[in-house]
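One letter stands for each residue in the lines below.
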Amino acid sequence: MKKHINTLCFMCSVRCPIQVEVENEQVISIRGNPHVPAMKGGVCPKGVAAVAALNDTQRIQSPLIRTGERGSGQWKRVSWEDALDYTADRCKAIFDTYGAKSAVYCERANLISDISKSFQKAIGSPNHFTHDTVCKGSINTACRSMIGYTDGQINADWTHAKHVVLYGRNVFESVEIKAMNSFMAALEKGTKLTYIDPRVTITAAKAHDYKMIRPGGDLAFNYALMNVIIKEKLYDAPYVKRWVEGFNELSRFVDPYTPEWAEKETGIPAAEIVSLAREVSRVKPAVVFHYGYRGSHHPTEVYFRRSILILNALMGSIESKGGLFIKKGLKDAGYKAGLRTFSSQKFPEMEDKRRFDGCGQDKFPIADPAHGVGFMFPHAVIHEDPYPIKVLFAFRYDPLLSNPDYNTNLKALQKLDLIVASDVNFGATTALADVILPESFFLERSDPLQMGSGLKPAINRRIACVRPRFDTKPMWWIVKQLADRLGVGQYFPYDTAEDIWKYQLADLDIKIEDFDETGFVSLSDKAIWWDRNDGINFKTPSGKIEVVSDLMESHGIPSLPAYQPLDRQPDAFRLMCGRCVAHTNVMTQNNLYLNHLVPENRLWINERRAEELRIADGDRIEVASGAGKGEMRAFVTDLIHPEAAFMLHGFGHKEIDSKRSYGKGVADALLQERLYDRIGGSPALDHTWITVKKL
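Bear in mind that the values here come from a model prediction, so they are computed numbers and not experimental data. (Residues numbered from 1 in each chain as written. Predicted model: local features only at pLDDT ≥ 70, side-chain atom pairs only at ≥ 80, totals over all residues. Heavy atoms only, no water.)

Participant: Looking at this model, I keep getting lost on helix H16 (residues 406-415). Mind explaining?
Facilitator: An α-helical turn contains 3.6 residues, so a residue and the one three or four places further along point in the same direction. For H16, every residue scored as buried is listed here: Tyr-406, Asn-409, Ala-412 and Leu-413. Each buried residue of H16 sits inside an arc of 125 degrees when the element is viewed along its axis, so together they form one side. If you follow the buried residues of H16, they end up packed against helix H14 (377-383), strand S15 (391-395), helix H15 (399-402), strand S16 (418-422) and helix H22 (668-671). (Buried < 20%, exposed > 50% of the residue type's maximum accessible area, 1.4 Å probe, protein only. Helix = DSSP H or I, 4+ residues; strand = E, 2+ residues; numbered from the N terminus. Arc of directions from axis to C-beta. Contact = heavy atoms within 4.5 Å.)

In structure tokens form, the structure reads like this:
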């Protein structure tokens, strides 16, 4: 008998609402949840490919304990009891010598992150970081310094925007279905799109105005836009007067950064900068300068992301229809309480609260401790700074292929006494693990409820659609089993997913059955906007948008430092990396369907530069940097700036159990040097210079 189950996708971090058609324990189809009109029934290629992932025999099929050298692919299948006992016994022995602080837990932020953080608190370790720190730590810091909210707490009103400006935000390939359906409809009604990127992408092809900017020139471009907007008084004066702190300092700061100055730094003609400033101001405040998603490009990242927010502030577009909005939650919808969290319990006091990354402490005082600074992990392990790190719990996150400087990360991982990996598939870090505790695929498991904050907030539920294909378990179950064996099981008062849901809903008049029909509980049928004249609740000390930031200045960090010109290396290329619609980070390259669509990455290089190097399209080339080198094929094109080279992120897998993706392409992490934003904590993934030669 067929049945239709409304749940949440997890082929990427967007978590689109989907409907899964199931018959006799087989998934027949996956489509957008019909109860969410903005989905229009659609899913992206990755969502469709979930069926291939579910039935993939190259998945991790049972608990494994390593028997050979790390990375050799030699494993022993064991029972869950044996795997969990082995893990707990090894942890106890290590903790007896080095303390629980010697354990670091890393994960891709997800619906059980609250439980993961509770686990680290329960065992007494302050060391937890998420993938977000690598992807967008600097955006997070920029947002908190300006408006008091993280980037995850704001969004764009795509539906009503009149002009959208994107900086390398390739929205039509990094697909968020609901948002892009709304944006496509807006474009059809006349919304303008300006796209700025050294590379021509699908999004560039759909833009009304595409600007091929010099790589790294975005900050200079934005300072020149501000210069024009302020000098010509194009800003929203009443909004700025009411909500912006530090406007006079900003005016003085951008005075020397004229469009003519920016033209030399960016390659964008001064007249085009002036024209864009005037054009967007005509439709303010329905303007979106998008702050980005993956924001880890250059060492000045936090200032670039702040400059985007400042442009929105000048347009009066923060908490304005057609601009950016602050997401609303349960209390905004009239509820007196929120979802109850496990991490808010009272845990034993830690003996040593120093973090391995110094996040929120000495090394990165204003980066967000909720996500940490994962970039510092190899440094902490290799140099035992501030103390020895001996255990890594890697949950569905692959630091070896995600962090820059593969070779240094590999050296750090090899130094660890114990690597515990939990994932659905084999990855580079999982292949090095001492023990693997396999997680069930998202179609096979139920997870904690998700608070879906937004203009119309809702609570969403992921529920199992089919039974597990192999001997795998949900991560919340794995964590509880480990906690029980380590003597802290009392902080995880559940046995089933239903127990978790009841715990989360304990303070609300919402029942589990309320999710059954649609997969979610809507908390408001109307969009919730705050009064932009007097009702915006900015969470900064001043209650305003802080161009001059109290958070930064109180830690001795200047809000408006002088611009530092980009360096030039005429014989090299600035390496850029990015995503495509077929893959999610380093997670999907071995998927049967997605591997067929995009099996390997190639290096984009400008045709003029390629001709100088006698490289033709498709040639085998050697790509080298100060961090490493690799061999791949060239993609010669005029669709990229001559100073830049580009490759897709996520390739270069060497784990032998992933047979489709093994040895395909080159890992960008192999080439990226250990460069980073010292304020926001994000790595500078697009700042490395590389050389290229024909083989």
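Participant: What exactly am I supposed to notice about helix H18 (residues 497-504) here?
Facilitator: Within H18 the residues assigned to the buried category are Ala-497, Ile-500, Trp-501, Tyr-503 and Gln-504. Down the axis of H18, the smallest arc covering the buried residues is 160 degrees, so these residues share one side. Looking at the buried positions of H18, the neighbouring elements they touch are helix H4 (113-123) and helix H17 (475-485).

Participant: Sorry, what's going on with the sheet that holds strand S20 (residues 520-522) here?
Facilitator: By way of backbone hydrogen bonds, the strands of a sheet pair with one another, either parallel or antiparallel. Taken in spatial order, the three strands of this open sheet run S18-S19-S20, and their pairing is antiparallel. The strands lining the two open edges of the sheet, one partner per strand, are strand S18 (450-452) and S20. Neighbour-to-neighbour, the strand axes of the sheet open up by a mean angle of 20 degrees, direction not taken into account. When strand S19 (residues 458-460) meets S20, the two strands line up antiparallel, connected through three bridges. The residue bridging Ala-458 from the neighbouring strand is Ser-522, located in S20. (Pairing = 2+ DSSP bridges. Axes fitted to C-alpha atoms, helices over the stretch in contact; angles between N-to-C directions.)

Participant: Can you help me understand the packing of helix H8 (residues 218-231) against helix H13 (residues 301-315) in this one?
Facilitator: The angle between the axes and the distance between the axes are what describe a pair of packed helices. The contact between H8 and H13 brings their axes to 9 Å, and the two run at 25 degrees. One finds that H8 runs roughly parallel with respect to H13. In the crossing of H8 with H13, the sense of the turn from one axis to the other is left-handed. For the pair H8 and H13, the contacting residues are Asp-218, Leu-219, Asn-222, Tyr-223, Leu-225, Met-226, Ile-229 and Ile-230 in the first and Tyr-303, Phe-304, Ser-307, Ile-308, Ile-310, Leu-311, Leu-314 and Met-315 in the second. Among the residues forming the contact of H8 with H13, the class breakdown is 13 nonpolar, two polar and one charged. (Parallel < 35°, antiparallel > 145°, perpendicular 65-115°, else oblique. Left-handed = near helix turned anticlockwise from the far one by under 90°. Nonpolar A, V, L, I, M, F, W, Y, C, P; charged D, E, K, R; others polar.)

Participant: Would you mind going over the sheet that holds strand S3 (residues 26-32) with me for this structure?
Facilitator: Ordered in space as S1-S2-S3, the three strands form an open sheet in which the pairing is antiparallel. The open sheet terminates on both sides in strands that have one partner only, identified here as strand S1 (2-8) and S3. Taking the axes of each pair of neighbouring strands and ignoring which way they run, one obtains an average angle of 25 degrees across the sheet. Bridging between strand S2 (residues 17-23) and S3 involves six bridges; their strand directions are antiparallel. Looking across to S3, one finds that Val-22 is bridged to Val-27.

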